[in-house]
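# Architecture and fold: a report
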Amino acid sequence: MQTRSAIEVRPLLRSALLATLLFSTAALAETARFRVVWSGDPSTSATIGWDQLEGDNPVLYYGTKDVDGDPEKFEHSMKPTRNVPNYRGMNNMFVRLENLEADQKYYFVVKDSQQVSYQFWFRTAPDKPKAFTFVAGGDTKSYGSALVAGRESNMMTRKLRPLFVLFSGDFNSGSGLSTGRWQQWFDDWFLLTTTDDNRLTPIVPVHGNHEDGDKTVLHNLFDVPYQGDNQENIYFDTAFGNFFSILALNSQIKAEGAQTEWLEKNLKKYEDHTFKVAAYHKPFFPHTTRKRENQHLYDLWANLFFTHGLDLSFDADSHISKMTFPIRPSDEEGSHMGFIRDDKKGTMYIGEGSWGAGPRSTDDLKPWTLRAGAFNQVKWLHVFPEQDGKPARIDIRTVITAKENEAGLMIPYSHEVVPLKEGEEFNIPEGIELFNTEPYGDVITYPFSE
Ligand SMILES: [Fe+2]
């Protein structure tokens, strides 16, 4: 029997690979796989990482002015602050930029002994409440139709031009030890999420079970911090503008003790922020029977989330789309699996992966499920501060990036979407397919009300 991937995937795969070859051989022979990473305060800092393929003594030249890539004309320069050579087949260079200006474009090039890279740029976060958009999701795979679907989500991200991506774990098939798969992931990330005008999309990476073969991997490939003196304890916070905070947790290491104490401390630290979100890989209670319950995470974290007013929680792992009503821990009548709907004070749980991974059946819905579906998708969030007497809010959309048709063929959804231009980030692009959540339509607003 001919598989759907044999029919649908090949042209896409070919064009993506062609793009990879053209891009990397034409002008980026010495530097490749650029990545911008957020941890700490992204209104003043960012980490730029890349793979130094050849050439010595790389220096990153950067500044707020577009100088057409001329290293002499940038305001600042900095040598790598960290080098992780021969790791997953890459010579990983990192520059931790500090003392940046908030809400600014930053342009940069890398110059080494052999050549100067293209000029790229990214935006810093605002340092006060200001509207922005971001994309959230998780679960990419390394081959077949799942790889192609992941590329669809990458290309969709490029077209939506978000301020950053929150990625809730599982980057590759396997246990995260494969050189080729990581190289492929970074090629895809760099080549497919970078906009036509060379804007890079910062990522907030979260550890998933497919990274469990080496639990230091996110520290070594994204330069995100670890806690204490154990490089496997990768969980961290990133927050800006007294407005928005992200607690990037790790469901794949011990949750009780130090991590949960850290969670409580940081929930308190950001209590005055308008919005607080958490991200981790394993959902407490997956919406598919193919995945086990993670009761211990519920026991440790759900009540802390509620007590400290966590707004949204992002998970992944199950390869489906789900969104719950706002819910809080409860054992009272009407509760289910320890949760009850509470539109005023509850946390909305959003996930559960399928950036690229093949969708599973949504056969484990709960009374507090708002909607779930089986397709490839990313969540697209528009975050607005309080303005003109209107309360702060987050508009949440589920963007379908690939989906099986009735004949079982995977249909790509990014190609028809007209990319948003700089300054249009809140527009709904032509050609986009949003998951319609009857009776609520295709946008769910938090705080939620009927
Ligand atoms: Fe997973």
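Remember, predicted model here, so these are calculated numbers, not experimental data.

### Side note on helix α6 (residues 295-307)
Taking 1.5 Å per residue as the helical rise, α6 with its 13 residues ought to reach 18 Å, and the 18 Å between its terminal C-alpha atoms agrees with that figure. Along α6, the sharpest kink reaches roughly 35°, centred on Trp 301. Among all positions in α6, only Leu 297, Trp 301, Ala 302 and Phe 305 are buried. The inward-facing, buried residues of α6 abut α5 (258-269), β14 (275-279), β15 (312-314) and β17 (327-329). Within two residues after α6, Gly 309 carries a phi angle of roughly 70°, on the positive side.

### Quick notes on the domain arrangement of the protein
One frequent convention defines the size of an interface as the accessible area lost when the parts assemble. Structurally, the protein comprises domain 1 (29-123) and domain 2 (132-446). One C-alpha centre belongs to domain 1, the other to domain 2, and the line joining them spans 27 Å. Taken together, the contact pairs 29 residues of domain 1 with 27 residues of domain 2. Elements represented by at least two residues in the side of domain 1 that touches domain 2 include exactly β1 (31-37), β2 (46-52), β5 (82-87), β6 (90-97) and β8 (120-123). At five residues, β1 tops the list of elements feeding residues into the side of domain 1 that touches domain 2.

### Notes on the nonpolar core
One finds Ile 48, Phe 108, Phe 134, Leu 166, Ala 248 and Ala 279 to be the most contacted residues of the largest nonpolar core, which totals 119 residues. Residue-level mapping places this core at the junction of two domains, with at least three residues from each of domain 1 (29-123) and domain 2 (132-446). In contact with Ala 279, not counting residues within four places along its chain, are Leu 166, Ser 168, Val 206, Ile 246, Ala 248, Leu 249 and Phe 314.

Calculation notes
Residues numbered from 1 in each chain as written. Predicted model: local features only at pLDDT ≥ 70, side-chain atom pairs only at ≥ 80, totals over all residues. Helix = DSSP H or I, 4+ residues; strand = E, 2+ residues; numbered from the N terminus. Expected span 1.5 Å × (residues − 1). Bend = angle between axes of the 7 residues up to and from the residue. Buried ≥ 20, exposed ≤ 12 C-beta atoms within 10 Å, placed from the backbone. Contact = placed C-beta atoms within 7 Å. Domains from an automatic or database assignment. Core = buried A, V, L, I, M, F, W, Y, C linked by C-beta atoms within 7 Å.

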